[in-house]
Amino acid sequence: MSLYFRKFGYRGYIFIACKILEDNDTRTFETMWQGWTGAGFIRKKMPKQFGLVKITLYKRYSDDKTFMYVCIAECSNILDPALSVRVLQFVEAFRMRISCYAALYKVESIRRASDPESYSTTSGSQASDDRPPSSVG
């Protein structure tokens, strides 16, 4: 078993980015964020096999209100290959219930050539899309 798998296993994340319109009151959003972001739906409806660890809301302080809030649901077993169809069905059903952007991400490992036992991490690609990223040019 690789060091990467022992460290991360089937851990994955659902990122939810919420765009607030200029005329919306952010204080209202912050008191009702679990409804707006779908965090309440995730807590209540996500199958236990996915291993929900925590849901966190992050706020960006800026005059530009585009994607001012990001909600991250961390799951310990969401990338288990045996659950892949159920996970994609859940994420698709979840997307239809919210007015935010949502995507499933995984941790990617990068091994340093100088130290084969060390890893650094970065946000991975969307698990719901098997196509390679297209280049913009």
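Analysis parameters
- Residues numbered from 1 in each chain as written.
- Predicted model: local features only at pLDDT ≥ 70, side-chain atom pairs only at ≥ 80, totals over all residues.
- Heavy atoms only, no water.
- Helix = DSSP H or I, 4+ residues; strand = E, 2+ residues; numbered from the N terminus.
- Buried < 20%, exposed > 50% of the residue type's maximum accessible area, 1.4 Å probe, protein only.
- Contact = heavy atoms within 4.5 Å.
- Core = buried A, V, L, I, M, F, W, Y, C linked by side-chain atoms within 4.5 Å.
- Salt bridge = Lys/Arg side-chain N within 4 Å of Asp/Glu carboxyl O.
- pLDDT = per-residue confidence, 0-100.
- Phe/Tyr/Trp six-rings, centres within 6.5 Å; stacked < 30°, edge-to-face > 60°.

### Some words on the side chain of Thr37
Mapped onto the fold, Thr37 is located in helix α3 (residues 33-37). For Thr37, a relative accessible area of 0% puts it in the buried group. Other than its neighbours up to four places away in sequence, Thr37 contacts Ile16, Cys18, Phe29, Leu57, Cys71, Phe94, Ile98 and Cys100.

### So, the environment of Glu92
Mapped onto the secondary structure, Glu92 falls in helix α5 (residues 84-97). Take Glu92: its relative accessible area is 40%, and that puts it in the partly exposed class. In sequence terms Glu92 and Ala103 are 11 residues apart; their C-alpha atoms lie 9.3 Å from each other.

### So, the nonpolar core
Side chains of nonpolar character tend, in soluble globular proteins, to be buried together. In this structure, Ile14, Ile16, Ile42, Met46 and Ile78 are the most contacted members of the largest nonpolar core, which totals 26 residues. Going through the elements one at a time, β1 (12-18), α4 (39-45), β3 (69-75), α5 and β4 (101-112) are the ones with two or more residues in this core. Discounting residues that sit within four places of it in the chain, Ile14 has contacts with Met46, Cys71, Ile72, Ala73, Ile78, Phe90, Val91, Phe94, Ala103 and Leu104.

### Quick notes on the pattern of salt bridges
In this structure the tally under the stated criterion is 2 salt bridges. For Arg11, the salt bridge goes to Glu74, with nearest N and O atoms at 2.5 Å. One end of the pair, Arg11, is in the loop between α1 (3-8) and β1; the other, Glu74, is in strand β3, and 63 residues separate them in sequence. Overall, Glu74 belongs to the buried group, its relative accessible area being 14%. The salt bridge partner of Arg95 is Glu92, with a shortest N-O separation of 3.3 Å. Highlighted residues: Arg95 and Glu92, both in helix α5, separated by 3 residues, approximately one helical turn. Arg95 gets classed as partly exposed once you look at its relative accessible area, which sits at 25%.

### A word on the confidence of the model for the protein
Confidence along the protein averages 75 in pLDDT terms, with 66% of residues attaining 70 or more. This model gives residues 118-137 a pLDDT under 50, and the stretch forms 37 contacts once residues within four places in sequence are excluded.

### Points about the environment of Ile72
Inspection of the secondary structure assignment puts Ile72 in strand β3. Ile72 gets classed as buried once you look at its relative accessible area, which sits at 18%. Sequence-distant contacts of Ile72, defined by excluding residues within four places in its chain, comprise Tyr13, Ile14, Phe15, Lys54, Ile55, Thr56 and Tyr58.

### Overview of the packing of aromatic side chains
Summed over the entire model, instances satisfying the criterion amount to 5 aromatic pairs. A ring pair is formed by Tyr13 and Phe15, whose centres lie 6.4 Å apart and whose planes are at 65 degrees; its orientation type is edge-to-face. A residue is classified by how much of its surface remains accessible, and Tyr13, at 18% relative accessible area, is buried. On the numbers, 5.1 Å between centres and 65 degrees between planes, the contact of Phe15 with Tyr105 is edge-to-face. With Phe15 in strand β1 and Tyr105 in strand β4, the pair connects residues that are 90 residues apart, well separated along the chain. Here Phe15 falls in the partly exposed class, since its relative accessible area comes to 26%. The structure contains a cluster of three or more aromatic residues connected by ring pairs, namely Phe41, Phe50, Phe90 and Phe94.

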